[in-house]
Amino acid sequence: MPHELTRLEAARAYERREAASIPAGDRPAFHLTPPVGWMNDPNGFCFYDGLYHLFFQYYPYDTVWGPMHWGHATSADLLRWTYRPCALAPDTPADAAGCFSGSGVPLPDGRLLLIYTGVQPGAADGGRDAQMQCIAVGDGRDFAKDPANPVIPAGLLPAGFDTADFRDPKIWREGDRYYCVAACRHRQDQGSILLFESPDARRWKFVTVLDSSRDRLGKMWECPDFFPLGDTQVLLISPQEVCADPDGALHPGDITAALLGRYDPAAHAFARQAVQAVDDGLDFYAPQTTLAPDGRRILVGWMQCWAATRQGPRPHRWYGRMSLPRELFVRDGRLCQRPVREIETLWQAETRLTGVTVEAPAALPGIRGRCLDLSVTADAAANPGCRGFVLHFAEADGRFAEIRWDAQAGGLLVDRSRCGTRQDLPHIRRVPAAPRAGRLTLRLILDKDCAELFVNGGERVLSALIDAPEQAAGISFAALGAPVRLDLVQHPLAACPPVAMF
């Protein structure tokens, strides 16, 4: 009698067969996409057994969200990825409706532990699915789910919290203890981050509520991460249904935010001191970080927005991609980001232009492409009559994406509305931007339809997907008011599509 495949075996067989039929050129050059099917939140991002492991929310059978599995990829350098077999499938009573987001931590015995949200169908009040936290332990390829799952059940929640919105655990180890933050909705305070503690990652107890929205920073909070960065404690959250704040620092909708403050580990007390967007762009959500062996805090996010998933064409047999991994640091009280330094291993022939004066719209020699690392520095003090400049990229046949810096308005605008899109989505984002020491710097990373813009050394980042065809590779510049003086450095980037080791 033929062996009947388990849900995990079936997913592995499907991805192995179908991914082989997708050409490497049908993917971005270095942004990670799923082998086949759907991808959303990064999960289990960690360094284990000599490699970075990045898991992700995954539905291999279609390019729309479905019963959540965990996909898996590994890399030695955060850019060149290898697909590994699907790690988790919804196949036990504790997670029958889905293996939702979570994280990973190496164990002292050399194994890797994954903690994730198991969804139980129709078990919550009113027939809603119940969400509780489960674990699985393995060798980095195959994982065995704990028979005691869920290890953080609904019974550990304090009064007032809703088990239908209890998810996304992020685990770490301090000394001989494990700690975990998870997101949950409170009936009055709305989105909240709960802290749990365990001696062995199996027996957990509730410790405290670290912070809450109190209905002032969105409704549900998702995908928490909690870590020190120098003298600053950072709590990352992905709030839903946010109202824009008066100064425009946070845009409305589903966003990513960093709560910066101080943490007393003895009292388990977090004191929030500042709030900022993690990424001000149009396509970024649910970031997760890990600590690199050299001490860098590395972040990666889902480079998509939920609004776009409900409309638009599906041109590929995969949907969703991860952002470029980024190094985090704090400068002048802000959480800042820069592309991981490993991107320099993809650099090709350099084009360097110094002291170029631009007035009317013009292309500059050697500056063009759709897979590149381009740095632009504007000397804001060189010409007092100049009030800014405009950069068009992915330009062809009258279509383009635009970056516009207006010193008089004190802000930077990113506009993808004229690049060929036919989707009724937000296409424009404005953020404050001012010169530092008389200069404004932009670093634009392009990877086919992926665009990530780092402003002033990473004090702001804007990520966006653009619909321009890959052949649209023009880049041009123009001044506002009077000529602008620019320095430019461009490196084309080599392609390094994922390889499969299923």
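This is a predicted model, so every value here is computed, not measured.

Let us now look at the overall build of the protein chain. Counting its regular elements, the protein chain contains two helices and 33 strands. On C-alpha atoms alone, the protein chain measures out to a radius of gyration of 23 Å, which is about the 23 Å that the 2.2 N^0.38 rule sets for 502 residues. Dimensions of the protein chain, computed from the C-alpha atoms along their principal axes, are close to 70 × 55 × 45 Å. The proportion of buried residues among the 502 residues of the protein chain is 61%. Partitioning the contacts of the protein chain with sequence separation of at least 6, the portion at a separation of at least 24 is 58%. With the model as given, the accessible surface of the protein chain reaches about 19,300 Å², and the carbon-plus-sulfur share is 51%.

Structurally, Cys99 can be placed in strand β5 (residues 99-106). Taking the C-alpha atoms as reference, Cys99 lies 17 Å from Thr63; in sequence the two are 36 residues apart. Sequence-distant contacts of Cys99, that is, excluding residues within four places in its chain, are made with Gln57, Met68, His69, Trp70, Leu88, Ala89, Pro90, Tyr116, Thr117 and Lys145.

It is worth spelling out helix α1 (residues 7-19) at this point. The end-to-end C-alpha separation of α1 is 18 Å, in line with the 18 Å expected for 13 residues at 1.5 Å each. Taken together, the buried positions of α1 are occupied by Leu8, Ala11, Arg12, Ala13, Tyr14, Glu15, Glu18 and Ala19. Buried positions along α1 lie against β2 (51-59), β3 (69-75) and β4 (81-88).

Take unusual backbone geometry next. With omega at 0 degrees, the peptide bond leading from Asn149 into Pro150 counts as cis. Among the secondary structure elements, Pro150 is positioned in the loop between β8 (143-145) and β9 (161-174). Despite not being glycine, Cys223 shows a phi value in the positive range, around 50 degrees. Checked against the element boundaries, Cys223 lands in strand β13 (residues 221-229). When its relative accessible area of 8% is taken as the criterion, Cys223 is described as buried. Here the phi dihedral of Ala437 falls at roughly 55 degrees; this positive angle occurs in a residue that is not glycine. Secondary-structure assignment places Ala437 in the loop between β27 (428-432) and β28 (439-447).

In this structure, the largest pocket spans a volume of roughly 660 Å³. Lining the largest pocket are 32 residues, and of these Pro315, His316, Asp449, Ile466 and Asp467 sit closest to its centre. Residues of the lining of the largest pocket, tallied by class, amount to 11 nonpolar, nine polar and 12 charged. The calculated volume of the second largest pocket comes to roughly 390 Å³. The greatest single-element share of the lining of the second largest pocket, amounting to five residues, is contributed by β9.

Read from one edge to the other, the open sheet built from six strands follows the order β19-β1-β2-β3-β4-β33, with strand pairing classed as mixed. The open sheet has two edge strands, β19 (318-319) and β33 (499-500), and neither has a second partner. Sheet topology places β4 next to β33; two bridges connect them, and they run parallel. Bridging from a neighbouring strand, Thr82 pairs with Val499 of β33. The sheet contacts of α1 involve β2, β3 and β4, and relative to β4 the element is tilted by about 155 degrees.

Moving on, we come to the sheet that holds strand β31 (residues 474-480). Strand pairing within a sheet occurs via backbone hydrogen bonds; the two strands may be parallel or antiparallel. The antiparallel open sheet is built from five strands, whose spatial order is β27-β26-β25-β24-β31. Edge positions in the sheet fall to β27 and β31, since each has one partner strand and no second. Strand-to-strand twist across the sheet, computed as the mean angle between neighbouring axes with direction ignored, equals 15 degrees. Note: strand β25 (residues 399-406) against strand β26 (residues 411-415), five bridges, orientation antiparallel. In the sheet register, Glu402 faces β26, and the bridge partner there is Asp415.

Parameters and conventions
- Residues numbered from 1 in each chain as written.
- Predicted model: local features only at pLDDT ≥ 70, side-chain atom pairs only at ≥ 80, totals over all residues.
- Heavy atoms only, no water.
- Helix = DSSP H or I, 4+ residues; strand = E, 2+ residues; numbered from the N terminus.
- Rg over C-alpha atoms; globule rule 2.2 N^0.38 Å.
- Buried < 20%, exposed > 50% of the residue type's maximum accessible area, 1.4 Å probe, protein only.
- Contact = heavy atoms within 4.5 Å.
- Areas by Shrake-Rupley, 256 points an atom, 1.4 Å probe, with all protein chains shown as cover.
- Expected span 1.5 Å × (residues − 1).
- 1 Å grid on protein atoms, 1.4 Å probe; cavity = no way out; pocket = protein on both sides within 12 Å on 5 of 7 lines; lining within 4 Å.
- Points joined across faces, edges and corners; volume = space filled by probe spheres on them.
- Nonpolar A, V, L, I, M, F, W, Y, C, P; charged D, E, K, R; others polar.
- Pairing = 2+ DSSP bridges.
- Axes fitted to C-alpha atoms, helices over the stretch in contact; angles between N-to-C directions.

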